[in-house]
Amino acid sequence: MQKVFQHLARALLAAGLAAILAGCASGPQRFIGTLTSARVIDLSHTWEIQSPIASVNPKYSFSLAATHGKTRGTFNDGGQLSFASEDMHWSGQHGAPSIDAIGHIGRDGKLFGGVDAERATASPGGIGAAGVGANLAIDQFPPELMVNRGVLLDVATMIQGNASPLPANFEITAAHLERAAQLQRVHLRKGDTVFIRTGWGPYFRSNAALYAGEASPGPGLDAADFLVRSGARVVGNDTLTFEKRPPVVTSPKFQVFPVHMRLIADAGVYIVENLNLEELAAAKAYEFAVIVPPLKVKGGTGSAVRIFALVPR
């Protein structure tokens, strides 16, 4: 338990909640009080049938398999107990939001660390079920990244001068990320979770066709290299596929989803997509404690995830 307290203390201190030290020194009650006094900002959208999703992934579906009207009286208890349950189906990627496991993307037949991509997914039981690459599945998501220092780089506001979204054809570069950090007076540190605001988050509900269309802003390879050099362990933004779409480059050679390959397959960086960053940006909370708890699905290539930030009130 003490190690858990120490870990949370470090993460929240990095987010600017310096009072956590006093909380730890005075015992669990004050520690818990410090946590519960923080402002919680939800960075997730709501899973709904009409929510946009990438065309390469299975569609999300939801239906009630049992209803209170049908189950009441099934236990011969005079109709006291009733219950409801549902069937839910979704892919581990491109949800509201979701996180890509390191085993989700390969390059030239290899996963991160040189793992044979074909062998790693040779069994339908998931990554590693065939005996190779189990460490790259989402159930192996590092515990130290579940509570971490988060940084928001609000590129949209920097470019637009207001809260409006970036144009669909806008490529975010390393220079944009560096400039946003300077303007916001934050420094990226090794191990950070870094979120980039493009301003496209509201389209998730207001214009699903545009959001899931052929074009959207996002980081290019130059920005991806910057994130790797900065030591980011988790990155994410408020678009369907994180990187600029169409996700294609032709020079120096043709590549599809080059940013995904650079971050995941080459560098072992997790990618989060479909974040809701509007409240965080409106609060100008550029440094915060971020909570990223993927579902512990054995062999999963990704996971739905409920992400939120803790900031001082």
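As the structure is a prediction and not an experimental result, all values here were calculated from the model.

(A) Looking closely at the pairing of strand S14 (residues 270–273). Side-chain alternation along S14 places Tyr 270 and Val 272 on one buried face and Ile 271 and Glu 273 on a second face that is also buried. As paired strands, strand S4 (residues 98–100) and S14 are joined by 3 bridges and run antiparallel to one another. Among the inter-strand pairings, Asp 100 is bridged to a residue of S14, identified as Ile 271. When strand S11 (residues 234–237) meets S14, the two strands line up parallel, connected through 3 bridges. For Val 234, the partnering residue across the bridge sits in S14 and is Tyr 270.

(B) Main features of helix H11 (residues 258–266). Burial analysis of H11 places 7 of its 9 residues in the buried class, the great majority of the element. Restricting attention to buried positions, one finds in H11 the residues Pro 258, Val 259, His 260, Met 261, Leu 263, Ile 264 and Ala 265.

(C) Representation of helix H10 (residues 221–230). Listed as buried for H10 are Ala 223, Ala 224, Phe 226, Leu 227 and Ser 230. All buried residues of H10 lie within an arc of 155° about the axis, which places them on one face of the element. As for H10, its buried residues are in contact with strand S8 (171–172), helix H7 (174–184), strand S9 (193–197), strand S10 (218–219), S11 and H11. Looking one or two places after H10, you find Gly 231, whose phi comes out positive at around 90°.

(D) Summary view of the packing of H7 against H10. Following both chains from N to C, one finds H7 and H10 inclined at 50°, their axes separated by 7 Å at the closest point. Classified by the interaxial angle, the pair formed by H7 and H10 is oblique. Listed contacts from H10 to Ala 174, Ala 175, Leu 177 and Glu 178 of H7 are Asp 222, Ala 223, Phe 226, Leu 227 and Arg 229.

(E) Representation of the packing of aromatic side chains. Under the defined criterion, the tally for this structure stands at 8 aromatic pairs. Ring geometry for Trp 47 against Tyr 60: centres 5.1 Å apart, planes inclined by 55°, an arrangement best described as tilted. Here the residue Trp 47 occupies a position in the loop between strand S1 (39–42) and strand S2 (61–66), and Tyr 60 occupies one in the loop between S1 and S2, the gap between them amounting to 13 residues. Given a relative accessible area of 23%, Trp 47 falls into the partly exposed group. Here Phe 141 and Tyr 270 contribute two aromatic rings whose centre-to-centre distance is 4.8 Å and whose plane-to-plane angle is 75°, an arrangement assigned as edge-to-face. One end of the pair, Phe 141, is in the loop between helix H5 (117–120) and strand S7 (147–154); the other, Tyr 270, is in strand S14, with 129 residues separating them in the sequence. When sorted by exposure, Phe 141 lands in the same class as Tyr 270, which is buried. Here the aromatic residues Trp 47, Tyr 60 and Trp 90 are joined through ring pairs into a cluster of three or more.

Procedures and definitions
- Residues numbered from 1 in each chain as written.
- Predicted model: local features only at pLDDT ≥ 70, side-chain atom pairs only at ≥ 80, totals over all residues.
- Heavy atoms only, no water.
- Buried < 20%, exposed > 50% of the residue type's maximum accessible area, 1.4 Å probe, protein only.
- Helix = DSSP H or I, 4+ residues; strand = E, 2+ residues; numbered from the N terminus.
- Pairing = 2+ DSSP bridges.
- Arc of directions from axis to C-beta.
- Contact = heavy atoms within 4.5 Å.
- Axes fitted to C-alpha atoms, helices over the stretch in contact; angles between N-to-C directions.
- Parallel < 35°, antiparallel > 145°, perpendicular 65-115°, else oblique.
- Phe/Tyr/Trp six-rings, centres within 6.5 Å; stacked < 30°, edge-to-face > 60°.

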